[in-house]
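Chain by chain, the residues run as shown.
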Amino acid sequence: MDNISFDLDKKPLREVNQLLHGDAAGLNGKSFTIENPNGAHSIAVGLKSDVHVTIKGHAGYYAAGMNQIAKVTIEGSAGSGVAENMMSGVVHVKGFASNAAGATANGGLLIIDGDAGLRCAIALKGADIVVGGSVGSFSAFMAQAGNFVILGDAGEGLGDSIYEAKIFVRGKVKSLGADCEVKTMDAESKKILTDLLAKSGHVDVKPESFTQYGSARTLYHFHVDNAGAY
Amino acid sequence: MCGIVGLLVKNQTMRDNIGELMLPMLIGMTERGPDSAGMAIFGTPVANDARKFSLYAGTDDFDWKQFEQAFEKSLNAQAKLEPKTNHAVLTTSHSPEKVKTWLKTHYPQLHLLSVGQLMDIYKDIGTPAQVADRYDFEKFKGTHLVGHTRMATESAVTPAHAHPFTAGEDWCLVHNGSLSNANSLRRKLQKEGIEFETDNDTEAACRFLQWRMREGDDLETALNHGFDELDGFYTLLMGTKNALALVRDPFGCKPAIIAEHDDYVAIASEFRSLAHLPDIKNAKVFEPSPKEMYVWTI
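The text that follows walks through the structure, step by step, so that each part is easy to find. (Residues numbered from 1 in each chain as written. Chains lettered and ligands numbered in written order. Predicted model: local features only at pLDDT ≥ 70, side-chain atom pairs only at ≥ 80, totals over all residues. Heavy atoms only, no water.)

1. Concerning the overall build of chain B
Here is the rule: Runs of H or I in DSSP of at least four residues are treated as helices and runs of E of at least two as strands, each being numbered from the N terminus. Between the two quantities, the radius of gyration covers C-alpha atoms and the globule rule is 2.2 Å times the number of residues to the power 0.38. When a residue's accessible area, from a 1.4 Å probe over protein chains only, is under 20% of the maximum for its type it is buried; when over 50% it is exposed; and in between it is partly exposed.
Check the secondary structure of chain B and you find 7 helices and 16 strands. Over its C-alpha atoms chain B spans a radius of gyration of 18 Å, differing by no more than 12% from the 19 Å that the globule rule assigns to 298 residues. Principal axes of the C-alpha set define a box for chain B whose edges measure 55 × 45 × 35 Å. Scored against the burial criterion, the 298 residues of chain B give a buried share of 58%.

Take a look at the structure:
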């Protein structure tokens, strides 16, 4: 496989991103390395072909945002909004991720080996997210679809106003948000969890060690008893 | 927006280069704060009874020589003056209260930025690179520093509205964020006899902590009161005579990232400002948790 290396100390990020946005036929199957990312914002955003981009260090805000098809590996940490609105493909953060990781992601897989900050998986729309560490408060707020696996602990207000996304937590949950409740893990959910653990490099972790959370669906329809609250 | 930077140097030999180490940090925060910049540097302490007064004149043609003569003549006091264009550090053993009164009476156009035994403050409007160049930030020597780049969102762009703010000797604060209850805080504190210089929300936070500490709180207790009473978004970085302290609001709305290394502790709004520090690859890089207090001492 061809490997092309870019050094952000020498080449402007805009040129690198434009190159990575080129014609898919010419890019498919290629791999790229980005040296000296040094926390720059918007590295490898909007990719839409079958490439593998490795970021050799810490990335800034919105890294690999809107990703389609491509695989992006960040060897350091990621700033706010990593893989936000991802449609497909795989984004793998080997360090920690800041706030709003995987926000509104529609599809694909986001793997974070370390911790994730606040509001991880906010408004998740169908992607899968696996966090090796813990997540901050208000994670999975209004998460609509997709699966969210947390190997560590979760902060306050997990899954507030959640729709149909599934949350699996192995550690402690500081508090659940409105309308989020413990679910009994059925065979289908267990299979989803087992597959995601395998895909994200956690084959030894037992799915039985997780608790599943989801929507109690009490906020789906207007309740006349709540009229005074508006 | 706004950017914050802090650097505390543990390695004795690197303390002579603290300015050089910090400069790329401050410039790295230009996009977050292009309209003003400021820096508090904690250097070698002056003699026990002496104080340093950081003075801002506003214009480059201020006659510092004449000021120095007038000061020595009318107060019959020894003084050392180190001017840098529109700014000077005045060192004297004369009583701080008397110096302040004299300044107010004779040079009301001078803005007193800070009083202390170790800390000098520089702040002005302009890009971080311009402000750093104006005051030779690169040549600073010292143990620790607190810097800020400002993008004003709630009050005017003037030198007085730039950060850091001070609340007492050798104590300063910079802020990234905005407070929604700054006006009510200010009214409350004014009733307690706390004086304000600007309508800036950060000054309200700074005076709040000053008031709490005046009432006997230590910094940690004062900040815990702050969590209850400061309404808004904030990452606050504070400098004291021997420490840097950092807090983020309970919702973690504003960023911060920390690099702990054997030789230094560096704090910034974003990793961009830490990337060029020596041996950063071997530093422990992490995000501080919201509503927790982090303190590093020299």
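2. Here we look at unusual backbone geometry
Put simply, His163(B) and Pro164(B) share a cis peptide bond, and its omega is 5°. Relative to the helices and strands, Pro164(B) resides in the loop between strand E8 (144-150) and strand E9 (165-166). Here the phi dihedral of Ala64(A) falls at roughly 55°; this positive angle occurs in a residue that is not glycine. Residue placement: Ala64(A) occurs in the loop between strand E3 (52-55) and strand E4 (71-74). Phi is positive for Ala140(A), close to 60°, though the residue is something other than glycine. For Ala140(A), the position within the fold is in the loop between strand E7 (125-131) and strand E8 (145-150). When its relative accessible area of 1% is taken as the criterion, Ala140(A) is described as buried.

3. Description of the sheet that holds strand E3 (residues 51-56) of chain B
Residue and element names in this part refer to chain B. Stated formally: One requirement defines pairing of two strands: DSSP has to find at least two bridges between them. Axis definition: a line fit to C-alpha positions, over the contact stretch in the case of helices; interaxial angles, taken between N-to-C directions, run 0 to 180 degrees. Contact definition: two residues touch when any of their heavy atoms are within 4.5 Å.
Spatially, 4 strands are ordered E4-E5-E3-E6 in an open sheet, and the strand pairing comes out antiparallel. Because the sheet does not close on itself, it has two edges, and the strands there are strand E4 (79-84) and strand E6 (111-116). On average, each strand axis in the sheet is tilted by 20° relative to the strand beside it, whichever way the strands run. Taken together, the 6 bridges between E4 and strand E5 (residues 87-92) define a ladder with antiparallel strand orientation. In the strand pairing of E5, Lys80 is matched with Thr91. Its contacts with the sheet put helix H3 (residues 96-106) on E3, E5 and E6, and the angle it makes with E3 is roughly 20°.

4. Description of empty space enclosed by the protein
Using a probe with the size of a water molecule, rolled over the atoms, empty space left in the structure can be pinpointed. We apply this condition: Within this scheme a cavity is a closed region of a 1 Å grid, computed over the protein atoms alone, that accommodates a 1.4 Å probe without allowing it to escape, whereas a pocket is open but has protein on both sides within 12 Å along at least five of seven lines; lining residues each have an atom within 4 Å of a point. Grid points are joined across faces, edges and corners, and a volume is the space filled by probe spheres set on the points. All residues other than Ala, Val, Leu, Ile, Met, Phe, Trp, Tyr, Cys, Pro, Asp, Glu, Lys and Arg, Gly among them, are scored as polar; the first ten of these are nonpolar and the last four charged.
Tallying each qualifying case throughout the model produces 2 cavities of 30 Å³ or more. In this structure, the largest cavity encloses a volume near 140 Å³. Lining of the largest cavity is provided by 18 residues; of these, Tyr61(A), Gly79(A), Ile257(B), Glu270(B) and Phe271(B) occupy positions nearest its centre. Counted as a void, the second largest cavity has a volume near 70 Å³. Forming the boundary of the second largest cavity are Cys2(B), Arg150(B), Met151(B), Ala152(B), Thr153(B), Glu154(B), His163(B), His175(B), Gly177(B), Asn200(B), Asp201(B) and Thr202(B). Secondary-structure elements contributing two or more residues to the lining of the second largest cavity are strand E10 (172-179) and helix H6 (201-214) of chain B. For the lining of the second largest cavity, a count of residues per class yields 3 nonpolar, 6 polar and 3 charged.

5. Focus on the packing of aromatic side chains
Residues and elements named next belong to chain B. Condition: Pairing of aromatic rings covers Phe, Tyr and Trp, the last counted by its six-membered ring, and requires centre-to-centre distances within 6.5 Å; plane angles under 30 degrees mean stacked, over 60 mean edge-to-face, and any other angle means tilted.
According to the stated counting rule, one finds 21 aromatic pairs over all chains in the structure shown. Consider the rings of Trp64 and Phe67, whose centres lie 5.8 Å apart with planes at 85°: the pair is edge-to-face. You can see Trp64 and its partner Phe67 sitting in helix H2 (residues 64-75), 3 residues apart, about one turn around the helix. Assessed through its relative accessible area of 6%, Trp64 is described here as buried.

6. Points about the sheet that holds strand E5 (residues 90-93) of chain A
Residues and elements named next belong to chain A. Read from one edge to the other, the open sheet built from 11 strands follows the order E1-E2-E3-E4-E5-E6-E7-E8-E9-E11-E10, with strand pairing classed as mixed. Of all strands in the sheet, those bounded by a partner on one side alone are strand E1 (3-7) and strand E10 (180-183). Strand after strand, the sheet turns through a mean of 15° between neighbouring axes, direction not considered. For E1 and strand E2 (residues 31-35), the ladder comprises 5 bridges, and the chain directions are parallel. Bridge assignment links Ile4 to a residue of E2, and that residue is Phe32. Each of E1, E2 and E3 touches helix H1 (residues 13-20); the most contacted strand, E2, lies at about 170° to it. Lying on the sheet, helix H3 (residues 187-199) is in contact with strand E6 (109-112), E7, E8, strand E9 (166-169) and strand E11 (211-215); it crosses E8 at an angle near 60°.

7. Some details on the nonpolar core
What counts here: Buried Ala, Val, Leu, Ile, Met, Phe, Trp, Tyr and Cys residues that are joined via side-chain atoms within 4.5 Å together make up what is termed a nonpolar core. As annotated, the domain borders come from an automatic or database domain assignment.
With 57 residues, the main nonpolar core has Leu7(B), Phe137(B), Leu246(B), Leu274(B), Ile280(B) and Trp296(B) as its most contacted residues. The greatest single-element share of this core, amounting to 6 residues, is contributed by helix H1 (residues 18-28) of chain B. Taken domain by domain, this core gets at least three of its residues from each of domain 1 (3-42 + 127-297) and domain 2 (46-117) of chain B. Of all hydrophobic cores here, the second largest spans 51 residues; its members include Leu27(A), Ala44(A), Val72(A) and Ala101(A).

8. Notes on the interface of chain A and chain B
Bring the parts together and some accessible area is lost; that lost area is often taken as the interface size. The condition is simple: Buried area is calculated as the accessible area (1.4 Å probe) missing from two parts once they are joined, with the contributions of both summed.
Taken residue by residue, the interface counts 13 residues in chain A and 17 residues in chain B. Here chain A packs against chain B, burying approximately 1,100 Å² in sum over the two surfaces, 59% of which is carbon and sulfur. For the side of chain A that touches chain B, a count of residues per class yields 6 nonpolar, 6 polar and 1 charged.

9. Here we look at a nonpolar patch on the surface
Residues and elements named next belong to chain A. Put simply, the test is: Residues enter patches when their relative accessible area tops 30% and they take part in no salt bridge; the joining distance is 9 Å for like charges and 5 Å for the nonpolar side chains Val, Leu, Ile, Met, Phe, Trp and Tyr. Note on areas: these come from Shrake-Rupley sampling with a 1.4 Å probe, and a residue is covered only by the protein chains present in the view. Each salt bridge in this description consists of a side-chain nitrogen of Lys or Arg and a carboxyl oxygen of Asp or Glu lying within 4 Å of one another.
A cluster of nonpolar side chains, namely Met142, Tyr163 and Tyr220, defines an oily patch on the protein surface of about 250 Å² accessible area. Mapped onto the secondary structure, Tyr163 falls in the loop between E8 and E9. Residue classification places Tyr163 among the partly exposed positions, given a relative accessible area of 35%.

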